[in-house]
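# Residue-level structural notes
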Amino acid sequence: MPVALDPAPKFAEYAHPERLVSTEWLAEHANDPGLVLLESDEDVLLYETGHIPGALKIDWHTDLNDPVERDFIGSDAFAAVAGSKGITRDSTVVIYGDKNNWWAAYALWVFTLFGHEDVRLVDGGRDKWVAEGRELTTDVPVVTPAEYPVVARNDAPVRALKEDVLAHFGNPLVDVRSPEEYSGERTSMPAYPEEGALRGGHIPSAASVPWSRAAAADATFRGREELDAIYRGEAGLKDGDPVIAYCRIGERSSHTWFVLTHLLGFENVRNYDGSWVEWGNAVRVPIAVGPDQGDAPSPR
Amino acid sequence: MTDELPERLAEIRDDFLALEQNDRLQLLLEFSNELPELPARYQDHPDLFERVVECQSPVYIFVEVDDDTGVHLFATAPRESPTTRGFASILAQGLDGLSAEEVLAVPDDFPQTIGLTQAVSPLRIRGMSALLARTKRQLRERSAA
């Protein structure tokens, strides 16, 4: 039996209300049969210091990335990871995390690569749960491993590689980094480690819409009307547009990918996870510097 | 080369390397919990502290050099950043009481040698490398002054 949806009126305004649950809902439903709760954080130890009762940890680096090739894990490894957390193909997977749910959105996006159907985010993530004084525990649940099928990873619908971006010119690109990264003044997020991009700037023709525009101060997503004003209004995205979003390593753009796809209902949005760390190091790709978008080069 | 590591740092490295990957995270968490509060004499002196901007969370360090008791590294990092706290705690404990020369001689790649790159990821380890580098830079500035 599928796990009930969160009927919150705020979510009903979004294109896909089934993709979000509130902390209130989670407090009531965390133990529902068929629901698996995952915490996905930037800080690899944060889960161990205390997590929502019943939650299991999933880590972007150590669980979802291939340890050798610079890519996500393949089908066999994903089946093993999911199975080890008691997830079946029919499970309702609910994900939350630190830092405005960046890494939670990233994990959700990776589940999407494998076509997992029912995967949801907790609006506001870990920060909101903690701010509300809700229970945390260091007890790690005992998991009964499940059989997760080996399914093909289908990147094409939601993932853009560098070549896809080059072929995409003339269609909307959204750069979700800070204005300083966009203009090329700096190559890493303010207060973040330098991850080694040789060039600064942005992909020509990309609109600058920092990810944080979509988030409220309590880490929840802004309401439908505000989001429409930002992305359909200011950024000029139109229904039916194919859109590619990118950032520096793909985590902040997962947040925007979630907003565009699940909250605003754009049907052809891809996340360029190679993002600036790849583009800013690649040989012979066009780059624009300064605050102006720049013209779209010819697609190639 | 590794034999030249100061004794306490070598112990810390060996403790990590003796553990399975998952247990290494637990040990890092123990270090994180052990990061001492600032001594009273420094609590009202944020001006002395330097932000380690390479870390993904607000972490600040100050290196004290005492003629009698050697080098002491003090650090603050928020509770929500246990990994960074763990890194700072390893260095604070591992370097404590060494001479400035001994600290400067610690290999820059020490963070990569303690068996955490797989459990924590190479990207995150960079925060610890930055902590070590800034500690050394403060010492160099101190001795040049």
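Conventions we followed
- Residues numbered from 1 in each chain as written.
- Chains lettered and ligands numbered in written order.
- Predicted model: local features only at pLDDT ≥ 70, side-chain atom pairs only at ≥ 80, totals over all residues.
- Heavy atoms only, no water.
- Buried < 20%, exposed > 50% of the residue type's maximum accessible area, 1.4 Å probe, protein only.
- Helix = DSSP H or I, 4+ residues; strand = E, 2+ residues; numbered from the N terminus.
- Pairing = 2+ DSSP bridges.
- Right-handed = clockwise from strand over helix to strand, strands pointing away.
- Phe/Tyr/Trp six-rings, centres within 6.5 Å; stacked < 30°, edge-to-face > 60°.
- Contact = heavy atoms within 4.5 Å.
- Axes fitted to C-alpha atoms, helices over the stretch in contact; angles between N-to-C directions.
- Polar contact = N/O pair within 3.5 Å; in protein donor to acceptor, adjacent residues only side chain to side chain.
- Salt bridge = Lys/Arg side-chain N within 4 Å of Asp/Glu carboxyl O.
- Buried area = accessible area lost by both parts, 1.4 Å probe.
- Nonpolar A, V, L, I, M, F, W, Y, C, P; charged D, E, K, R; others polar.

## Focus on the pairing of strand β8 (residues 243–246) of chain A
Residue and element names in this part refer to chain A. Residues Val 243 and Ala 245 point to one face of β8 and Ile 244 and Tyr 246 to the other, with burial holding for every one of them. In terms of strand pairing, β8 meets strand β9 (residues 269–272) through 4 bridges, oriented parallel. Along β9, the bridge assignment pairs Val 243 with Val 269. Once the chain exits β8 it traverses helix α11 (residues 251–263) before rejoining the sheet at β9, and the crossover so formed is right-handed.

## Considering the packing of aromatic side chains
The description of two aromatic rings rests on the distance between their centres and on the angle between their planes. Scanning the entire structure with this criterion turns up 20 aromatic pairs over all chains. Relative to Trp 279 of chain A, the ring of Phe 169 of chain A lies with its centre 6.5 Å away and its plane at 80°, an arrangement referred to as edge-to-face. On the criterion of sequence distance, the pair formed by Phe 169 of chain A in the loop between α8 (162–168) and β6 (173–175) and Trp 279 of chain A in helix α12 (residues 275–279) is long-range, its members being 110 residues apart. Classification of Trp 279 of chain A by relative accessible area gives buried; the value is 0%. Ring geometry for Phe 49 of chain B and Phe 62 of chain B: centres 5.6 Å apart, planes at 50°, overall tilted. Here Phe 49 of chain B is found in the loop between α3 (40–43) and β1 (50–51), whereas its partner Phe 62 of chain B is found in strand β2 (residues 60–66), with 13 residues between them in sequence. Pair check on accessibility: Phe 49 of chain B and Phe 62 of chain B agree, each one buried. Ring pairing ties together the aromatic residues Trp 60, Phe 72, Trp 103, Tyr 106 and Trp 109 of chain A, which thus form one cluster.

## What to know about the sheet that holds β8 of chain A
All names here are of chain A. Read from one edge to the other, the open sheet built from 4 strands follows the order β7-β6-β8-β9, with strand pairing classed as parallel. For this open sheet the edge positions go to β7 (207–208) and β9, each flanked by a neighbour on one side alone. The strands that α11 touches are β8 and β9; relative to β9, the one it contacts most, it runs at about 180°.

## Some words on the sheet that holds strand β1 (residues 20–21) of chain A
Taken together, 5 strands build an open sheet; the order of strands is β1-β5-β4-β2-β3 (chain A) and the sheet is parallel. Bordering the open sheet on either side are β1 and β3 (56–57) of chain A, each of which pairs with just one other strand.

## Quick notes on the environment of Arg 134 of chain B
Residue and element names in this part refer to chain B. Structurally, Arg 134 is set in helix α7 (residues 122–144). When the C-alpha positions of Arg 134 and Arg 8 are compared, they lie 20 Å apart, and in sequence the two are 126 residues distant. Looking at Arg 134, its side chain comes within polar contact range of the side chain of Glu 50, at 2.7 Å.

## As for the pattern of salt bridges
All names here are of chain A. This structure, assessed with the given rule, holds 31 salt bridges over all chains. Its salt-bridge partner being Asp 123, residue Lys 10 comes within 2.6 Å of it at the nearest N-O pair. Separated by 113 residues along the polypeptide, Lys 10 in helix α1 (residues 9–12) and Asp 123 in the loop between β5 (119–122) and α7 (125–131) bring together distant segments of the chain. Taking the relative accessible area as the measure of exposure, Lys 10 reaches 30% and is therefore partly exposed. The buried category is assigned to Asp 123, whose relative accessible area is 5%. Each member of the salt-bridge network shares a partner with another, and the members are Asp 71, Arg 153, Asp 155, Arg 159 and Asp 273.

## Thoughts on the interface of chain B and chain A
Contacts between the two partners involve 22 residues from chain B and, on the opposite side, 19 residues from chain A. Surface buried jointly by chain B and chain A totals about 1,600 Å² across both partners, of which 58% is contributed by carbon and sulfur atoms. Linking chain B with chain A are 1 salt bridge, by the criterion used here. Between Arg 124 of chain B and Asp 59 of chain A there is a salt bridge; the shortest N-O distance is 3.1 Å. Taken together, the links from chain B to chain A amount to 5 residue pairs in polar contact (both at pLDDT 80 or more). Elements that contribute at least two residues to the side of chain B that touches chain A include exactly α2 (21–34), α4 (82–95), α6 (117–120) and α7 of chain B. Of the residues that constitute the side of chain B that touches chain A, the class distribution is 9 nonpolar, 7 polar and 6 charged.

## What about the environment of Gly 125 of chain A?
Residues and elements named next belong to chain A. Tracing the backbone shows Gly 125 in helix α7. Here Gly 125 falls in the buried class, since its relative accessible area comes to 0%. The spacing of Gly 125 and Gly 97 is 28 residues in sequence and 5.2 Å in space, taken between C-alpha atoms. With sequence-adjacent residues up to four places away left out, Gly 125 is seen in contact with Thr 23, Tyr 96, Gly 97 and Asn 101.

Nothing here speaks to function; it is all geometry.
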